[in-house]
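Here is what each chain is made of, one letter per residue.
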Amino acid sequence: MQGACSREVIQLELFLGYIVKAFMLPPGSNFFAIIAGLGLRIKWPRLGNSVAAISFATLWLLSLPIVAGLLLVSVEHYPALDTNSPVSGEVIVILGGKRNSSSPEYGGDTVGADTLERIRYGAKLGRELDLPIAVTGGRGRVSTSEPLGILMARVLEDEFNQPASWIETTSLNTAENALNLRSILPVDNIILVTHSLHMSRALRIFEKAGFAVKAAPMDIPAHTAGGSRFTLHDGLPSASALLISRSVLYEGLGSVYYALRY
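Residues numbered from 1 in each chain as written. Predicted model: local features only at pLDDT ≥ 70, side-chain atom pairs only at ≥ 80, totals over all residues. Heavy atoms only, no water.

## Section: the pairing of strand β2 (residues 99–103)
Both β2 and strand β3 (residues 108–111) contribute to a ladder of three bridges, which runs antiparallel. For N100, the partnering residue across the bridge sits in β3 and is T110. The loop that links β2 with its antiparallel partner β3 comprises four residues; one of these, G107, has a positive phi angle of about 75 degrees. (Pairing = 2+ DSSP bridges. Helix = DSSP H or I, 4+ residues; strand = E, 2+ residues; numbered from the N terminus.)

## Considering helix α5 (residues 113–129)
The terminal C-alpha atoms of α5, which comprises 17 residues, lie 24 Å apart, in line with the 24 Å expected from a rise of 1.5 Å per residue. For α5, the set of buried residues is D114, T115, R118, I119, Y121, G122, A123, L125, G126 and L129. Where α5 terminates, the next one or two residues include D130, which has phi positive at roughly 55 degrees. (Expected span 1.5 Å × (residues − 1). Buried < 20%, exposed > 50% of the residue type's maximum accessible area, 1.4 Å probe, protein only.)

## Topic: the side chain of E168
Along the polypeptide, E168 turns up in strand β5 (residues 166–168). Within the structure, the side chain of E168 is placed 2.6 Å from the side chain of S171, a separation counted as a polar contact. Within the local environment of E168, its side chain forms a polar contact with the side chain of N180, the two groups lying 3.0 Å apart. Ignoring anything within four residues of it in the chain, the contact list for E168 reads V135, T136, G137, G149, N177, N180, L181 and I184. (Polar contact = N/O pair within 3.5 Å; in protein donor to acceptor, adjacent residues only side chain to side chain. Contact = heavy atoms within 4.5 Å.)

## Topic: the sheet that holds strand β6 (residues 189–195)
Paired through backbone hydrogen bonds, the strands of a sheet run either parallel or antiparallel to each other. With parallel pairing, five strands are arranged side by side in an open sheet as β5-β4-β1-β6-β7. Only two strands of the sheet have a single neighbouring strand rather than two, namely β5 and β7 (212–218). On average, each strand axis in the sheet is tilted by 20 degrees relative to the strand beside it, whichever way the strands run. Across seven bridges, the pairing between β6 and β7 is parallel. Within β7, the position partnered with I190 by the bridge is V213. Packed on one face of the sheet, α5 meets β1 (91–95), β4 (133–136), β6 and β7 and runs near 145 degrees to β6. Of the strands in this sheet, β1, β4 and β5 are in contact with helix α7 (residues 174–184), which crosses β5 at around 140 degrees. (Axes fitted to C-alpha atoms, helices over the stretch in contact; angles between N-to-C directions.)

## Observations concerning the side chain of S255
As for its position among the elements, S255 is in helix α10 (residues 239–261). By relative accessible area, S255 is classed as buried at 19%. What S255 contacts, discounting residues up to four positions off in sequence, is R201 and R204.

## Remarks on the environment of G108
Relative to the helices and strands, G108 is located in strand β3. The spacing of G108 and I42 is 66 residues in sequence and 52 Å in space, taken between C-alpha atoms. If near-sequence neighbours (up to four positions away) are discounted, G108 is found in contact with N100, S102 and S103.

## Let's talk about the nonpolar core
Judged by nonpolar contacts, the single largest core of 24 residues is most densely connected at I92, I94, L125, V135, L156, I191 and V193. Elements that contribute at least two residues to this core include exactly β1, α5, β4, α6 (148–160), β6 and β7. Once you skip the residues sitting within four places of it in the chain, I191 turns out to touch L81, V87, G89, V91, I92, V93, L125, L129, L131, K214 and A216. Counting 22 residues, the second largest nonpolar core, distinct from the first, contains V93, L95, A215 and Y258. (Core = buried A, V, L, I, M, F, W, Y, C linked by side-chain atoms within 4.5 Å.)

Structure representation (structure tokens):
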């Protein structure tokens, strides 16, 4: 895989990612557009009204569970891993996600909810397939914090009784997860554990790093898995649906950027 840049560039990318989330994704983008539309009404009433109305309508649609579900279906392509069939993998790789900084109930930093979900599923696969586990994640924006890989390994062993055989602690993004693990793992065939929404981008970047990857997505929505039908509730707006829509759009932008960048 070509195109790896300096740590300073990656830190800048992480910072710009937060800017993108705030200004280019809902609900922030919609609110700013509505304000702009109201301002345009002073000189161009029809244009201003149109901009504000379209922004409000888009925000409403993205808040509907049925729309969020359809967006998920459009980007999630990998089924749950069938552990009852032979699986071609030598190591289970669990990708790090978010962290909770300075959690008083844990006496300091600990893994975030999405990282904990991945650890839980990775530990399950480790028991069922009797395979070693690798975890990966660096310090993030705060250089003095404990690496996420260390936090993951601690939770994996202390709470799930599954030791991590390899701990990668310097990566800042998915591309570095793949590159750094490529330098320490003695195998090519891996089982990759991450959220289903993130799997397409992660799998492509790990394959570019030289791995043969078996997808093990988790948090697969019922609509995607074929285990549920849309109900009346899916036509009512909700904050959780808006969050899903926002995540799908962000992942789409991330996939395009990774295709150009890496």
